[in-house]
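If you want the building blocks of each chain, they are given just below.
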Amino acid sequence: MTDRGFLTTGYGSDRSTTEAAIDLRLYTPEFSVIAESDDFIVVDKPAHLIVHPTNPGHPPTLWDGLNALLVYELATGGQLSIITRLDRETSGLVLVAKHREAAREFNLSMQRGEFEKEYQAIVWGWPEADAFTIDEPLLRRGEVEPSEIWVKQKVHPDGKPCRTEFEVARRFEGAGRDGRTERFSLLTCRPKSGRMHQIRAHLNHAGFPLVGDKLYGPDETCYLDFIETGWTSELAGRLLLDRQALHASRLVWRDHDWRCPLAPELARFVDRRGDP
């Protein structure tokens, strides 16, 4: 059995080998600072970097890196609070308050709906419309049917209201599964609610799953296989990316408009496949 702390990087048919290993237990908490003030810091988190410690012996996290970076602020009475969290495999903007008063203000703003968020996603397929909205309630699938994966969400009439706006930024074709030429789209996603896995579940429901998504991608057994074996060349062939192709690219709050470019590995995925 492969140690599940390891990932093997690769881009499916774009590479002849998938032998470069990433040991997540030793992963350096590297990130870029996008903006900073006395009240907050906004960083660009890479994929595979966990935001917050979850158990003893965890690999280095964004939280660890922030504590090392902001040691002076913490020594002089500061208190860090992560305001916008991302899944481990999602890259992009994370907002962090530097002290308790700022955290309170951000959290009140979140409750009042003052934040606007944009994500970029690479999906299989070409949506028919250039812009579309999915307004479908979500709940945990295990609440209404048997599910091997506790966290997985699904569209269901008994779920909580959930709305996401999508816009096609680019349609392209390129090497896909089994060496076939497949269709892909780069989407701009604007969630109008804040449910767990909202963008991923809505896109799966619409028939445009995220490239690299082990849970909501072409087959949920990818997630179960990954838990059992770690990242393998067989999974690379099915998913094409070792991370879900979702990137938090823009965060707007009052007069602030924070942005960061598409993660390098996602930009390479698009560029290597080109236009139709």
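Here the structure is a predicted model, which means the values were calculated and not measured.

Asker: How should I be thinking about the overall build of the protein chain in this particular structure?
Answerer: Check the secondary structure of the protein chain and you find 7 helices and 14 strands. When the 276 residues of the protein chain are sorted by exposure, 50% land in the buried category. When contacts within the protein chain are restricted to residue pairs at least 6 apart in sequence, long-range pairs at least 24 apart make up 64% of them. Surface summary for the protein chain: the accessible area is close to 13,300 Å², and the carbon and sulfur share equals 48%.

Asker: Any chance you could explain the nonpolar core here in plain terms?
Answerer: Side chains of a nonpolar character, in soluble globular proteins, are inclined to be buried together. If you look at the biggest cluster of nonpolar residues, it comprises 28 residues, and the most contacted ones within it are Leu62, Leu66, Phe166, Leu187 and Leu203. If you tally residues by element for this core, the top one is strand β7 (residues 115–124), at 3 residues. If near-sequence neighbours (up to four positions away) are discounted, Leu187 is found in contact with Tyr119, Gln120, Ala121, Val123, Pro127, Phe132, Phe166, Glu167, Val168, Ala169 and Leu203. Formed by 15 residues, the second largest nonpolar core is a distinct cluster that contains Phe40, Ile83, Leu95 and Ala103.

Asker: Is there a simple way to think about unusual backbone geometry in this case?
Answerer: Residues other than glycine predominantly adopt negative phi, and peptide bonds predominantly adopt the trans conformation. One non-glycine residue, His197, lies in positive phi territory at about 55 degrees. By the element assignment, His197 lies in the loop between β12 (181–191) and α4 (198–206). By relative accessible area, His197 is classed as buried at 14%. Phi angles above zero are rare outside glycine, and Arg254 is one such case at about 55 degrees.

Asker: Help me understand the pattern of salt bridges, please; the structure alone is not making it clear to me.
Answerer: A side chain with one charge can pair with a side chain of the opposite charge if their charged atoms come near. All told, the structure shown has 30 salt bridges when counted by the stated rule. Asp213 serves as the salt-bridge partner of Arg200, at 2.8 Å between the closest nitrogen and oxygen. On the criterion of sequence distance, the pair formed by Arg200 in helix α4 and Asp213 in the loop between α4 and α5 (221–229) is long-range, its members being 13 residues apart. Take Arg200 and Asp213: they sit in the same class, and that class is buried. The partner of Arg243 in a salt bridge is Glu265, and the shortest N-O contact between them spans 2.7 Å. Separated by 22 residues along the polypeptide, Arg243 in the loop between α6 (233–239) and β13 (246–253) and Glu265 in helix α7 (residues 264–273) bring together distant segments of the chain.

Asker: Where do I start with the packing of aromatic side chains in this structure?
Answerer: Think of a pair of aromatic rings as described by two things: how far the centres are apart, and how the planes are tilted against each other in angle. Tallied over the entire structure, the rule returns 10 aromatic pairs. Their ring planes at 20 degrees and their centres at 6.0 Å tell us that Phe115 and Trp253 sit as a pair that is stacked. Here the residue Phe115 occupies a position in strand β7, and Trp253 occupies one in strand β13, the gap between them amounting to 138 residues. Across this residue pair, the class does not change: Phe115 and Trp253 are buried.

Asker: Could you clarify how one ought to interpret the environment of Pro127 in this entry?
Answerer: Locating Pro127 in the fold gives a position in the loop between β7 and β8 (131–135). For the pair Pro127 and Leu187, spaced 60 residues apart in sequence, the C-alpha separation works out to 9.6 Å. Look past the residues within four positions of Pro127 in its chain and what remains in contact with it is Phe132, Val168, Arg171, Ser185, Leu187 and Phe208.

Asker: I tried to follow the environment of Leu210 on my own but got confused; where do I start?
Answerer: In this fold, Leu210 is placed in the loop between α4 and α5. Considering only alpha carbons, one finds Leu210 and Leu241, 31 residues apart in sequence, at a separation of 10.0 Å. Among residues more than four places away in sequence, those in contact with Leu210 are Ala121, Ile122, Val123, Trp124, Arg200, Leu203, Gly217, Ala245 and Leu246.

What counts, and at which threshold
- Residues numbered from 1 in each chain as written.
- Predicted model: local features only at pLDDT ≥ 70, side-chain atom pairs only at ≥ 80, totals over all residues.
- Heavy atoms only, no water.
- Helix = DSSP H or I, 4+ residues; strand = E, 2+ residues; numbered from the N terminus.
- Buried < 20%, exposed > 50% of the residue type's maximum accessible area, 1.4 Å probe, protein only.
- Contact = heavy atoms within 4.5 Å.
- Areas by Shrake-Rupley, 256 points an atom, 1.4 Å probe, with all protein chains shown as cover.
- Core = buried A, V, L, I, M, F, W, Y, C linked by side-chain atoms within 4.5 Å.
- Salt bridge = Lys/Arg side-chain N within 4 Å of Asp/Glu carboxyl O.
- Phe/Tyr/Trp six-rings, centres within 6.5 Å; stacked < 30°, edge-to-face > 60°.

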